[in-house]
Amino acid sequence: LILLGQGVQMEAKKWLSAALQDLHPHLAVERTSRDDKTPGPVELACAHAEYRLVMITKTTPTTLPAAFVQDLFDDFAPTFDSKLCDTLGYRAPELLMSALFGQRSIFGAILDLGAGTGLLGKLLRPHCAKLEANELSPEMAKLAVEKGCYDSVQVCDLRKTLEESTEVWDVITACDVFVYVGCLRHVFEAAE
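Residues numbered from 1 in each chain as written. Predicted model: local features only at pLDDT ≥ 70, side-chain atom pairs only at ≥ 80, totals over all residues. Heavy atoms only, no water.

### Concerning unusual backbone geometry
Operational definition: The numbering of helices and of strands both runs from the N terminus, where a helix is a DSSP run of H or I of at least 4 residues and a strand a run of E of at least 2. Each residue's exposure class comes from its accessible area (1.4 Å probe, protein chains only) as a fraction of the maximum for that residue type: buried when under 20%, exposed when over 50%, partly exposed otherwise.
Here Asp-176, not a glycine, exhibits a phi torsion of approximately 55°, which is positive. Tracing the chain through its elements places Asp-176 in the loop between strand E4 (171-173) and helix H9 (185-191). Given the relative accessible area of 48%, Asp-176 is considered partly exposed.

Printed below as a string of structure tokens:
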């Protein structure tokens with residue numbers, strides 16, 4: 001699309017968008033995965049195409065395709081901790097902890113959105129009575145459960161967790177999560 005003229009480029013974007021919308025109703029039928037939460041090959045292909053369309057049009061989506069984000073992190077899960085912490089010197093959980101606990105040392109209930117492998121959760125655990133997590137990627141969630149820091153880990157979209165929760169949370173964390181969410185208005189509305 002980069003080499004096409006502006007008018008042709010817009011038509012190509014419209015065509016791709018229409019094709020994706022036409023495919024969408026058929027995605028549930030095309031699942032060939034081991035469970036209902038894992039996208040099948042057609043859904044993954046469409047999710048990756050939707051993501052590329054968002055990048056081409058430089059728009060802020062309501063949300064990124066969940067199947068795209070799930071696939072990205074399912075693939076990354078086995079090496080996530082070592083690549084982020086050892087190779088890149090990732091320190092976001094530690095920085096969040098110092099900001100959060102500079103004022104107070106103990107909280108009642110904490111919800112960790114997009115918990116990943118539990119890097120933040122293992123630091124939060126000593127500072128709360130209840131620690132629950134949400135993670136879209138089943139593979140990342142398995143690793144978070146293995147760390148043993150969460151009381152429960154819900155595998156689903158973070159908005160679903162927020163909308164269905166009856167808990168009154170003292171703190172809701174989201175460390176390096178929102179870049180994969182898209183428009184945050186719906187997330188903050190659900191968190192109220």
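Still to come is the rest of the account.
### Considerations on the sheet that holds strand E1 (residues 107-112)
Quick reminder of the rule: Should DSSP find at least two bridges between two strands, the strands are taken to pair. What counts as an axis is a line fitted to C-alpha atoms, over the stretch in contact for a helix, and the angles between N-to-C directions run from 0 to 180 degrees. Should any heavy atoms of two residues lie within 4.5 Å, those residues are considered in contact.
Read across the open sheet, the four strands follow the order E3-E2-E1-E4; overall the sheet is parallel. In the strand order of this sheet, the two ends are held by strand E3 (152-155) and E4, each with one partner. Recorded for the sheet is a direction-independent mean angle of 20° between the axes of neighbouring strands. Two strands pair when backbone bridges link them, and E1 and strand E2 (residues 128-135) are joined in this way by five bridges, in the parallel orientation. Note on E2: the bridge partner recorded for Phe-107 is Cys-128. On top of the sheet, helix H7 (residues 138-147) reaches E2 and E3; it is set at about 180° to E3, its chief contact.

### Section: the pairing of E1
Within a regular strand, side chains alternate between the sheet's two faces. Definition in use: When the strands point away from the viewer, a crossover counts as right-handed if the path from the first strand over the helix to the second runs clockwise.
Most of E1 sits out of view: five of its six residues are buried. Read as a crossover between parallel neighbours, the route from E1 over helix H6 (residues 119-124) to E2 is right-handed. Here three bridges tie E1 to E4, and the two strands are oriented parallel to one another. Paired with Asp-112 across the bridge in E4 is Thr-173.

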